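What the coordinates show
Here are the chains, one letter per residue:
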Amino acid sequence: MTQIPFFRLMNYQKERRDNLNLMSKKKLIIIIGPTAAGKTEYAVDLAIKLGSPVISCDSRQIYRELRIGTAPPTPEQLSAVKHYFIFSHSIHDLYTAGKYEVETLALLEDLFKTHDSLVMAGGSGLYVDAVCRGIDNFPPADIPLRETLMQRLKNDGLESLRMELRLLDRESYETIDISNPQRVVRALEVFFATGKTFSSFKNFKSKTRDFEIEKLFIEKPREELYARINRRVDLMMEQGLLEEVRTLYPYRERPALKTVGYRELFEYLDGKCSIEEAIDLIKRNTRRYAKRQMTWWRRDIGTVIDNPSVRNRP
RNA sequence: GGGGAGAUACCAAAGUGGCCAACUGGGGCAGACUGUAAAUCUGCUGGCUUACGCCUUCGUAGGUUCGAAUCCUGCUCUCCCCA
């Protein structure tokens with residue numbers, strides 16, 4: 001068994017568990033934590049021990065075209081235990097947290113027929129939440145509409161879109177982060193696609209799952225984590241990340257390739273920076289990513305999932 | 001040995017008598033997050049304080065001045081040019 005310096009057990013659905021009583025004793029164990037903390041290794045070991053497959057919860061490792069830069073499980077790990085959502089989708093198809101929720105719940109239902117405990121592992125906080133508490137029934141992304149809005153953002157500026165949102169959906173204007181162009185665009189997109197306001201789709205209630213959820217948060221001292229990240233990036237380069245990126249260059253605009261490790265090397269291939277600079281940027285951006293992951297889960301610790309106030313910020 | 005330039009916060013770099021606890025960038029820290037989430041966005045970054053505010057900072061030791069990161073002098077160090 002791998003040595004994990006620190007990990008914290010979170011009684012995530014403690015209250016729910018009491019209410020569930022005999023309904024089900026099925027349990028989903030989710031290994032979460034920042035990138036490069038050792039989730040994959042830990043999950044594989046645990047899965048073998050429990051006779052469970054590993055269900056990945058990673059928004060980038062699902063893409064079969066991405067083999068090096070996303071630090072997916074090794075071929076040995078993949079053959080040691082059955083994995084789901086690794087290399088299962090293509091960068092050419094738009095994938096989202098909403099789809100992940102649907103596909104994963106279907107899979108879990110199926111797997112729970114033959115397993116009592118299932119191991120899930122991943123670093124994508126929104127995807128983990130989609131499984132644990134669900135995403136409200138928002139309309140799916142409307143890409144052509146979104147592109148139109150992005151074009152408007154570019155031409156007229158954010159303020160113009162904000163003003164429009166203020167007129168069409170005052171509530172969203174006052175509650176979402178209007179300094180974030182992505183959020184403003186999405187709110188408008190939903191309005192134009194459905195004629196209903198973005199805010200009207202929110203219901204602030206977590207969905208109910210008929211299985212127990214336990215989260216294991218793997219953490220490491222910051223210094224050690226950063227050292228591991230640096231080492232891993234160097235290793236990826238040795239494994240041929242640059243070659244991989246080169247073959248993916250034509251698809252660089254795909255959302256799936258807006259990914260740490262790929263973007264920076266696209267810039268290098270454009271001649272915008274040296275290879276050394278690109279590698280340093282990958283390391284820096286991975287550190288920042290890890291920090292964001294920790295921020296995301298920090299709020300989970302000690303919170304109760306049914307409390308709407310956790311999600312309904314002022 | 002002679003001449004010149006410079007030493008500013010974690011780093012780089014502006015500031016050249018009061019509007020300076022000090023522009024800006026990097027790095028770092030913290031936060032947000034409902035179908036792009038490895039995305040996108042926000043705040044902080046000398047100390048103490050909830051805040052008003054107070055205290056200590058611009059190589060170092062003095063000096064001039066009501067007032068100095070800014071002017072003067074000594075010292076230390078760095079860089080460049082000539083020997």
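A look at the environment of His115
- Note that His115 resides in the loop between helix H4 (97-111) and strand S5 (117-121).
- Through-space distance from the C-alpha of His115 to that of Leu50 is 9.2 Å; in sequence the pair is 65 residues apart.
- Residues within four places of His115 in sequence aside, it is in contact with Lys26, Gly51, Ser52 and Pro53.
- At a separation of 3.3 Å, a polar atom in the side chain of His115 contacts the main-chain carbonyl oxygen of Gly51.

Considering the confidence of the model for chain A
- Of the residues in chain A, 88% reach a pLDDT of 70 or more, and the chain-wide mean stands at 87.
- Scored below 50 in pLDDT, residues 1-22 shows 57 contacts in the model against residues more than four places distant or in partner chains.
- This model gives residues 302-314 a pLDDT under 50, and the stretch forms 16 contacts once residues within four places in sequence are excluded.
- Scored as a whole, the predicted complex attains pTM 0.87, and scored at its interfaces, ipTM 0.86.

Considerations on the pattern of salt bridges
- Throughout the structure, instances matching the rule amount to 19 salt bridges.
- One salt bridge connects Glu174 with Arg170, and the closest N-O pair in it is separated by 2.9 Å. Taken together, the positions of Glu174 and Arg170, both in helix H8 (residues 170-175) and 4 residues apart, correspond to about one turn of that helix.
- Of the residues examined, Glu174 reaches a relative accessible area of 51% and is grouped as exposed.
- A salt bridge links Glu243 to Arg246; its shortest N-O distance comes to 2.8 Å. Note that Glu243 and Arg246 are positioned in helix H11 (residues 241-248) at a spacing of 3 residues, about one turn of the helix.
- Bridged by salt links that share partners, the residues Arg252, Glu267, Asp270 and Lys272 form one connected network.

Regarding the packing of helix H6 (residues 143-156) against helix H7 (residues 158-168)
- Taken N-terminus to C-terminus, the directions of H6 and H7 make an angle of 120 degrees; their axes are 6 Å apart at the nearest point. Relative to H7, H6 is oriented oblique. In contact with Leu149, Arg152, Leu153 and Asp156 of H6, H7 contributes Leu158, Ser160, Leu161 and Glu164.
- Here the residues of the contact of H6 with H7 are counted per class, giving 4 nonpolar, 1 polar and 3 charged.

So, how was this worked out
- Residues numbered from 1 in each chain as written.
- Chains lettered and ligands numbered in written order.
- Predicted model: local features only at pLDDT ≥ 70, side-chain atom pairs only at ≥ 80, totals over all residues.
- Heavy atoms only, no water.
- Helix = DSSP H or I, 4+ residues; strand = E, 2+ residues; numbered from the N terminus.
- Contact = heavy atoms within 4.5 Å.
- Polar contact = N/O pair within 3.5 Å; in protein donor to acceptor, adjacent residues only side chain to side chain.
- pLDDT = per-residue confidence, 0-100.
- Salt bridge = Lys/Arg side-chain N within 4 Å of Asp/Glu carboxyl O.
- Buried < 20%, exposed > 50% of the residue type's maximum accessible area, 1.4 Å probe, protein only.
- Axes fitted to C-alpha atoms, helices over the stretch in contact; angles between N-to-C directions.
- Parallel < 35°, antiparallel > 145°, perpendicular 65-115°, else oblique.
- Nonpolar A, V, L, I, M, F, W, Y, C, P; charged D, E, K, R; others polar.

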